[in-house]
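Coordinate analysis (summary)
Next come the chains, spelled out residue by residue.
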Amino acid sequence: IARVAAQTITLVIYIATALLMLDALTIDIGPILGGAAIFGLAISFGSQSLVKDVVSGFFILLENQYAVGDVVTINGQSGTVEKVTLRRTVLRSMRGEVHNLTNGSISSVTNMTQGWARVVMDIGVAYGTDIDHVKSVVNEVGNAMYLDEEWREKLTEKPSFVGVTAFGESEITVRAWCKTKTFQNWGVERELNVRLKSAFEDA
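To keep things clear, this report deals only with the structure shown in the data block. Being a predicted model, the structure only gives us computed values, none of them experimental.

1. Some remarks on the nonpolar core
In terms of nonpolar packing, the biggest core is built from 21 residues, with Leu-155, Val-174, Val-188 and Leu-196 touching the most fellow members. Only β6 (117-125), α4 (131-147), β8 (172-180) and α6 (185-202) provide two or more residues apiece to this core. For this core, the leading source of residues is α4, giving six residues. Leu-61, Tyr-66, Val-84 and Ile-106 belong to the second largest nonpolar core, which has 10 residues in total.

This is how it looks when you write it as structure tokens:
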């Protein structure tokens, strides 16, 4: 909001300065102001989408729906927010693609890095597996990871066993999850995957 306000104030100062200079040179600025008003009216009829973009952009900034650096999904396009103006939002995807989205066209926003994040892991185990043993192994791995100084600062709760979520044709799906600080969920998930694989093999 501060950046947009600064740009707006700068534009106003430039215009005011130009008009004052013309006035100081004894050039009648009345016709210029009148022409500008007519031009502005003509533009307003042909730029309804622009007005919609600007109004939408203002509320995006005002409500702090997302900011530069956030990882979001907007209208099905995912990426890191690189730039936000009153008219458009620029996303950079994981593959380096740049998505330019006009704010007026934004109908849905999913922000994955606001406040906190959660890792949700669905793990398939064989039908003959003792679920209580799975629970014990998952909780042991989660507790060990929580006590690890390298990962403790990235977690806000211990990774833990949740329960059975589905029955497949050849596997039972169990769920584990944990809360993390923002931007840390992906790294935590990868590390937890490695630790669980190793622990399951040992068990």
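2. So, the pairing of β6
Side chains Ala-117, Val-119, Met-121, Ile-123 and Val-125 of β6 all project onto a buried face; the interleaved residues Arg-118, Val-120, Asp-122 and Gly-124 project onto a face where none is buried. In terms of strand pairing, β6 meets β8 through nine bridges, oriented antiparallel. Paired with Ile-123 across the bridge in β8 is Val-174.

3. Quick notes on a nonpolar patch on the surface
Together, Val-51, Val-55, Phe-58, Phe-59 and Leu-62 line one region of the surface with nonpolar side chains, adding up to about 450 Å² of accessible area. Structurally, Phe-59 is set in helix α3 (residues 48-62).

4. Observations concerning the sheet that holds strand β4 (residues 98-102)
Strand order in the open sheet formed by five strands is β4-β3-β2-β1-β5, and the pairing between neighbours is antiparallel. Since the sheet does not close on itself, it has two edges, and those belong to β4 and β5 (109-111), each with one partner. For this sheet the average axis-to-axis angle between neighbouring strands, irrespective of direction, equals 40 degrees. Relative to strand β3 (residues 88-92), strand β2 (residues 77-84) runs antiparallel, the two being bridged by four bridges. In the sheet register, Val-81 faces β3, and the bridge partner there is Leu-91.

What counts and what doesn't
Residues numbered from 1 in each chain as written. Predicted model: local features only at pLDDT ≥ 70, side-chain atom pairs only at ≥ 80, totals over all residues. Heavy atoms only, no water. Core = buried A, V, L, I, M, F, W, Y, C linked by side-chain atoms within 4.5 Å. Buried < 20%, exposed > 50% of the residue type's maximum accessible area, 1.4 Å probe, protein only. Helix = DSSP H or I, 4+ residues; strand = E, 2+ residues; numbered from the N terminus. Pairing = 2+ DSSP bridges. Patch = residues over 30% accessible without salt bridge, like charges linked within 9 Å, V, L, I, M, F, W, Y side chains within 5 Å. Areas by Shrake-Rupley, 256 points an atom, 1.4 Å probe, with all protein chains shown as cover. Salt bridge = Lys/Arg side-chain N within 4 Å of Asp/Glu carboxyl O. Axes fitted to C-alpha atoms, helices over the stretch in contact; angles between N-to-C directions.

No statement about biological role is implied by the geometric values presented.
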